Amino acid sequence: MALEISLLIQIGIFVIIGIIIGTNFADNTIRKWFGAGKVRPWKERFPDYAPGIYFLLLIAFFACIYLVGLEPPIMYLLIFLFIAALSGMESLLEKIHMRDSVDYKFTFLIGLLKAALAVALMWVNIQLIS
């Protein structure tokens, strides 16, 4: 019974991490708190070559995992750096593509918050496994 509950909690943690990182739910909620409006659609925010840059970052992340391994302290750092790099790249592309907007500042700060939340949730997950 305890194993089933632990497994459900772990699955729930990964679903929450996926929602935080993969959707605009967290972005829109935080922007609403600061009165900045909703996130603009992808085509308005980023140039056409943005998916290629994300793909290169993903390859670099997997190369780091292959070279370093996934020991828990290093894993936390790698996950934080990967999400922070993604948010930094998003904010840089946003600044380049939308010259008159200050949305890139929100994008970067929200990305750092997402990275911190993902690391915290991964830490909770590791503590449940142990």
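Remember, predicted model here, so these are calculated numbers, not experimental data.

**Q** Explain the overall build of the chain here, please?
**A** Across its full length, the chain holds six helices and zero strands. The N-to-C order of helical and strand elements in the chain reads α-α-α-α-α-α. Across the 130 residues in the chain, those meeting the buried criterion constitute 32%. For the chain, the proportion of contacts with a sequence separation of at least 24, taken over those separated by at least 6, is 74%. As displayed, the chain offers around 8500 Å² of accessible surface, 74% of which is attributable to carbon and sulfur atoms. Of note, the chain has its 10 positive side-chain charges centred 8 Å away from the centre of its 9 negative side-chain charges.

**Q** Help me out: how do you make sense of the environment of Ala-85 in this one?
**A** Relative to the helices and strands, Ala-85 is located in helix H5 (residues 72-97). Distance in space between the C-alpha atoms of Ala-85 and Ala-115 is 9.6 Å, their sequence separation being 30 residues.

**Q** Quick question: what am I supposed to make of the environment of Asp-103 here?
**A** Turning to its location among the elements, Asp-103 is positioned in helix H6 (residues 103-129). Each C-alpha atom, one on Asp-103 and one on Arg-45, is 9.1 Å from the other, the two residues being 58 residues apart in sequence.

**Q** What is the right way to read the nonpolar core from this model?
**A** Considering soluble globular proteins, one finds that nonpolar side chains tend to be buried as a cluster. Ranked by size, the top nonpolar core spans 21 residues in total, and within it Ile-17, Tyr-54, Met-75, Tyr-76, Ile-79, Ile-83 and Met-122 carry the most contacts. Where this core is concerned, the elements lending two or more residues are helix H1 (2-22), helix H4 (50-68), H5 and H6. With eight residues, H5 is the single largest residue contributor to this core. Apart from residues lying up to four places away in sequence, Ile-17 is in contact with Ala-118, Leu-121 and Met-122.

**Q** Sorry, what's going on with the packing of helix H2 (residues 25-34) against H6 here?
**A** Two quantities define a packed helix pair, namely the angle between the helix axes and the distance between the axes. Where H2 meets H6, the axes come as close as 10 Å, and the angle between the chain directions of the two elements is 120°. Taken together, the axis directions place H2 and H6 in an arrangement best described as oblique. The element H2 and its partner H6 pack so that their crossing is right-handed. Packed against H2, whose contacting residues are Ala-26, Asp-27, Ile-30, Arg-31 and Phe-34, the element H6 presents Asp-103, Phe-106, Thr-107, Ile-110, Leu-113 and Lys-114 at the interface. Tallied by class, the residues present in the contact of H2 with H6 amount to six nonpolar, one polar and four charged.

Calculation rules
- Numbering of residues begins from 1 in every chain and follows the order in which that chain's sequence is written.
- At least 70 in pLDDT is required for a residue's local features to be given in this predicted model, at least 80 for side-chain atom pairs to be given and counted, and no such filter applies to totals for whole chains, interfaces and linings, which use all residues.
- As a rule here, side-chain values cover all heavy atoms of the structure and leave hydrogens and water aside.
- The helix count covers DSSP runs of H or I at least four residues long, the strand count covers runs of E at least two residues long, and both are numbered beginning at the N terminus.
- Accessible area is worked out with a 1.4 Å probe on protein chains only. A residue is then buried under 20% of its type maximum, exposed over 50%, and partly exposed in between.
- Contacts are residue-level and defined by heavy atoms, with any inter-residue pair within 4.5 Å sufficient.
- All accessible-area figures derive from a Shrake-Rupley calculation using a 1.4 Å probe, and residue coverage is judged against the displayed protein chains alone.
- Lys and Arg are tallied as positive, Asp and Glu as negative. Neither His nor the chain termini are counted.
- For this purpose, a charge sits on NZ of Lys, CZ of Arg, CG of Asp or CD of Glu.
- The term nonpolar core refers to a set of buried residues drawn from Ala, Val, Leu, Ile, Met, Phe, Trp, Tyr and Cys, joined through side-chain atoms within 4.5 Å.
- Note on geometry: axes are lines fitted to C-alpha atoms, helical ones only across the stretch in contact, with angles between N-to-C directions running from 0 to 180 degrees.
- Here the angle decides the label: under 35 degrees means roughly parallel, over 145 means roughly antiparallel, 65 to 115 means roughly perpendicular, and every other value means oblique.
- A clockwise turn of the near helix away from the far one marks a right-handed crossing, whereas an anticlockwise turn of less than a right angle marks a left-handed crossing.
- Residue polarity is assigned by list, with Asp, Glu, Lys and Arg as charged and Ala, Val, Leu, Ile, Met, Phe, Trp, Tyr, Cys and Pro as nonpolar; anything else, Gly included, falls into the polar class.

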